[in-house]
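Fold and geometry: a report
One letter stands for each residue in the lines below.
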Amino acid sequence: MTQTIAPRVRTLVLLILAVAGALLAGAAPASAHAALTGSDPAQGAVVDTAPSRVSLTFSEPVAVGDDSVRVLDPKGERVDKGEPANPSGTTYSVPLVSGLPDGTYTVAYQVVSADSHPVAGAFTFSIGAPSETTVPVDAQASDDGLVGWLYGFGRYISYAGFVVLVGGAAFVLACWGPGARVRAVQRLVVAGWLALTAATLGLLMLRGSYTTSGKVGDVFDLELLGDVLQTKTGAALVSRLLLLAAAALFIAVLFGAYARTADAGDPDHPAEGDGGEPDKRDLTFGLALGGTVVAAGLAASWAMSEHASQGLQAGVAMPVDVVHLLAVAAWLGGLTALLVALYRAPVETPVGRDAVRRFSRLAFGSVVVLAVTGVYQSWRQLGSWSAFTDTRYGQLLLVKIALVAVMVAVAFLSRRWTQRLADARVSAAAGEAERAESAEVSERAAAAEGSDRDEEGEETEASERAEEEKQPAGAVPAEASAKSGASATSENSKASKASDGASPAADAEASEAFAASDGASTASDADKAESGPDAVRAAQLARQRAATEAARQKRLRDADPNRFGLRRSVLAEAGVAVVLLAVTTVLTQTEPGRTEQDAKAAAATSSSASATGQGSGAVSLTMPFDTGGANGKGVVSVDLDPAQTGDNSLHIYVEGPDGTPVDVPEVKIALTLAAQDIGPLPVAPDHITTGHWSASGVQIPMAGDWKVEVTVRTSDIDQVTVSKNAQIG
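On a predicted model such as this, the values are computed, not experimentally measured, just so you know.

So, on to the sheet that holds strand 15 (residues 686-689). Read from one edge of the open sheet, 5 strands run 10-11-12-16-15, paired in antiparallel fashion. Of all the strands in the sheet, the pair left with one neighbour each is strand 10 (619-626) and strand 15. Pairs of neighbouring strands in the sheet enclose a mean axial angle of 25°, with direction left out of account. Relative to strand 11 (residues 633-641), strand 10 is paired through 8 bridges, and the arrangement is antiparallel. Each residue of the ladder has a partner; that of valine 619, found in strand 11, is leucine 640.

Along the chain, the position of alanine 409 falls in helix 11 (residues 392-470). Sequence separation between alanine 409 and glutamate 573 is 164 residues; the distance between their C-alpha atoms is 9.1 Å.

It is worth spelling out the packing of helix 8 (residues 314-344) against helix 9 (residues 353-382) at this point. Where helix 8 meets helix 9, the axes come as close as 8 Å, and the angle between the chain directions of the two elements is 150°. Remark: the crossing between helix 8 and helix 9 carries left-handed chirality. Of the residues that constitute the contact of helix 8 with helix 9, the class distribution is 19 nonpolar, 6 polar and 2 charged.

Here the focus is the nonpolar core. Counting 72 residues, the largest nonpolar core has Phe162, Leu165, Trp176 and Leu254 as its most contacted members. No other element matches helix 8, which puts 15 residues into this core. Once you skip the residues sitting within four places of it in the chain, leucine 165 turns out to touch Val189, Gly192, Trp193, Leu196, Leu244, Ala247, Ile251 and Leu298. Grouped together as the second largest cluster of nonpolar side chains are 29 residues, Ala643, Val664, Val722 and Ala726 included.

Cis geometry is adopted by the peptide bond preceding proline 41, which originates at aspartate 40 and carries an omega value of 0°. Relative to the helices and strands, proline 41 resides in the loop between strand 1 (36-40) and strand 2 (46-47). In this structure, asparagine 631 takes a positive phi of about 55° despite not being glycine. One non-glycine residue, alanine 643, adopts positive backbone phi at about 60°. As for its placement among the helices and strands, alanine 643 is situated in the loop between strand 11 and strand 12 (646-655).

This part takes up the packing of aromatic side chains. Enumeration over the complete set of coordinates arrives at 11 aromatic pairs. Summarising the aromatic geometry, the rings of tyrosine 159 and tryptophan 302 are spaced 5.2 Å apart at their centres and angled 15° between planes, so their arrangement reads as stacked. With tyrosine 159 in helix 2 (residues 146-174) and tryptophan 302 in helix 7 (residues 278-303), this pair connects stretches of sequence that are 143 residues apart. A relative accessible area of 7% means that tyrosine 159 is categorised as buried. Overall, tryptophan 302 belongs to the buried group, its relative accessible area being 3%. Each member of the aromatic cluster is reached from another via a ring pair, and the members are Phe58, Tyr92 and Tyr109. The lysine or arginine in question, arginine 240, covers the ring of tryptophan 302, its NZ or CZ lying 3.9 Å from the ring centre.

Let us now look at the sheet that holds strand 17 (residues 704-713). Pairing in this open sheet of 4 strands is antiparallel, and the strands run 14-13-17-18 from one edge to the other. Across the chains shown, the open sheet's two edge strands, defined by having one partner strand only, are strand 14 (678-683) and strand 18 (719-728). Each strand of the sheet is rotated relative to its neighbour by a mean of 20°, with strand direction disregarded. Relative to strand 14, strand 13 (residues 666-673) is paired through 4 bridges, and the arrangement is antiparallel.

So, about the environment of leucine 283. Residue position: leucine 283 is located in helix 7. Here leucine 283 falls in the partly exposed class, since its relative accessible area comes to 23%. Taking C-alpha positions, leucine 283 is 7.0 Å from tyrosine 258, a pair spaced 25 residues apart along the chain. The contact partners of leucine 283, leaving out residues within four places of it in the chain, are Val253, Ala257, Tyr258 and Thr261.

This brings us to the pairing of strand 11. Here strand 11 lies mainly inside the structure; 8 of its 9 residues are buried. Linkage of strand 10 to strand 11, two consecutive antiparallel strands, is achieved through a turn of 6 residues, within which glycine 628 is found at a positive phi near 90°. What sits between strand 11 and strand 12 in their antiparallel hairpin is a turn of 4 residues, with alanine 643 showing a positive phi close to 60°.

So, on to the pattern of salt bridges. For the structure shown, the criterion picks out 4 salt bridges. In this structure, the salt-bridge partner of glutamate 666 is arginine 713, at a minimum N-O distance of 3.0 Å. Of this pair, glutamate 666 sits in strand 13 while arginine 713 is found in strand 17, placing the two residues 47 residues apart along the sequence. In this structure, lysine 707 engages glutamate 709 in a salt bridge whose closest nitrogen and oxygen atoms are separated by 3.4 Å. Given a relative accessible area of 22%, glutamate 709 falls into the partly exposed group.

Take the packing of helix 2 against helix 5 (residues 232-254) next. Two elements in contact, helix 2 and helix 5, have axes separated by 13 Å at closest approach and are oriented at 30°. Between helix 2 and helix 5, the angle is such that the two are roughly parallel. At the point where helix 2 passes helix 5, the crossing takes the left-handed sense. Across the interface between the two elements, Tyr151, Ser158, Leu165, Ala169, Val172 and Leu173 from helix 2 touch Thr233, Arg240, Leu244, Ala247, Phe250, Ile251 and Leu254 from helix 5.

Right, let's get into helix 2. Across its 29 residues, helix 2 extends 41 Å between first and last C-alpha, which sits within 8% of the 42 Å expected from 1.5 Å per residue. In terms of burial, helix 2 is a largely internal element, 21 of the 29 residues being buried.

Rules and cut-offs
- Residues numbered from 1 in each chain as written.
- Predicted model: local features only at pLDDT ≥ 70, side-chain atom pairs only at ≥ 80, totals over all residues.
- Heavy atoms only, no water.
- Pairing = 2+ DSSP bridges.
- Helix = DSSP H or I, 4+ residues; strand = E, 2+ residues; numbered from the N terminus.
- Axes fitted to C-alpha atoms, helices over the stretch in contact; angles between N-to-C directions.
- Left-handed = near helix turned anticlockwise from the far one by under 90°.
- Nonpolar A, V, L, I, M, F, W, Y, C, P; charged D, E, K, R; others polar.
- Core = buried A, V, L, I, M, F, W, Y, C linked by side-chain atoms within 4.5 Å.
- Buried < 20%, exposed > 50% of the residue type's maximum accessible area, 1.4 Å probe, protein only.
- Contact = heavy atoms within 4.5 Å.
- Phe/Tyr/Trp six-rings, centres within 6.5 Å; stacked < 30°, edge-to-face > 60°.
- Lys NZ or Arg CZ within 6 Å of the ring centre and 35° of its normal.
- Salt bridge = Lys/Arg side-chain N within 4 Å of Asp/Glu carboxyl O.
- Parallel < 35°, antiparallel > 145°, perpendicular 65-115°, else oblique.
- Expected span 1.5 Å × (residues − 1).

Below is the structure:
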């Protein structure tokens, strides 16, 4: 049966890997998690006078370098000067040379979002009137080429290695202690460690090129590597390598000292010390505690540098993400270890039904944790039901949920096969007990029959001795002689029967006595036989018989229909898990639905403002907001006219995600000129109509780069402050 299964297993594994590869290939140009939500001048805007700087506003903080923002004139010459600055919040600006002529200018940017993904793009604005330009507007991101694909593949391998390493070790400690002695399980866990270590080193080398040029030649640029080590992502990768060194020590103890304490003779019980061996309990507790700390640290290296570290409730999201990753590893990694145990465990150390039941309980708990943490993460990254279908992140999340549902359904079948396997074991044990009891009854009957025969023999001897006493001294009749011979024969027969009914210990004693009676010559012959070629031949035959017996037992075990069904269902679970892990990797590289919808809302508001005449003042700012509560998302626009020193009129417009005006309980404005330590200057606008507030006589004391802060309150407890910088005066 094994020969029939093997080709099918290989075909299924190749199919699963092909699907995972297709998903990764389709995810090569990873979507960034930060989005451009506004600019000054705005995209496609036509301004009367040349601006002194260009400002870009993103949905989250980004990392900028010397060439992160470039402004090109119609001939393709750079007109920006100096390095990009971060005047406030998520707004970044670059100064321009003075006296720019009329024409169309191109702004190209390439930054790194706070969750480690590169962001690239370009747009145009015009001074005076639009003109022809030789600069292409499309900007190719650094993650679109070979380096981007390799980086995405490295991320997948790192996730897979983490899952196998943590899940395999958890399976041994929590479910199947004797598995620490199984070579196949040891190789699986070590392979997970090697994969995670190699992938982390690869990501560290690729990081510099991935976030800048995207060229393969820059992978080995030591200057770029030094820059990477100073970033949050670089620090997370280095921390992961240090934790992997601690994980190597954990693996050495797990498959060394712990494996020696495991009870290989009982496959259904983990290695736990009894009351007289506290060292075993201490070792198990120490490994469980240390392993949990190392695993949590490895998971935190992702949580502190990616999605969870930015956006709403980052302080809550990071611990939740750590728990989510640990639950994924316990479920999928433990499932992989169970699959290896079912197919590769030796005959003398089979994975027992109780071990499968323990893993079933562990997997169920992991699924519950995944459901709770997944709901929170989905709300945080999507923000609305419409994002499930309107954004790529939401669509991928639906695919992930469907795959999890399939895995849970297959796991239910695995539980049924486990129960059948347990029932079969109970039936076999009952049959064995009946056979043992029958054999014991037979032995007792044989012993009773032998005792009756001994009593008859003693009575015969007593009568013969009485007859001999009646004969004269020295006379031995022929009949007595014959009887004596018969008696001797009877004695030998009785001795033989007694020997047949004796215990193995009695047989051993008889054998020793027989050997002793042979004398020194027999011992000498035995020594010659042991030292000769016959001993080698006997050892070879013994090994052959042992191998044949092991193969026979393995065939019998594999022929069990319940175990065969369990193998197939676990293999199907593992196949779905491979695809699920690929989808998760793509999901972590995709722009969250909340960010994507905010960017679309900001663009729609900017277009509607231009069409309705809003933003006709000297300064017009557009800022998306999200208070985190019900109906807490929208866009706020601020118009300041004439944006000069002295009196100014201020108009505020609040719109929902669909662009319709909405009212909120409170809107406040504060103006700050940090360079001169002026402010914040509060402004209390009056409500004019739905979604419109206004204030007149707003005093701007001096010209400069002013920070405009808008506080929007959507309920009694939900409010948020967004800000943007503008050149006033």
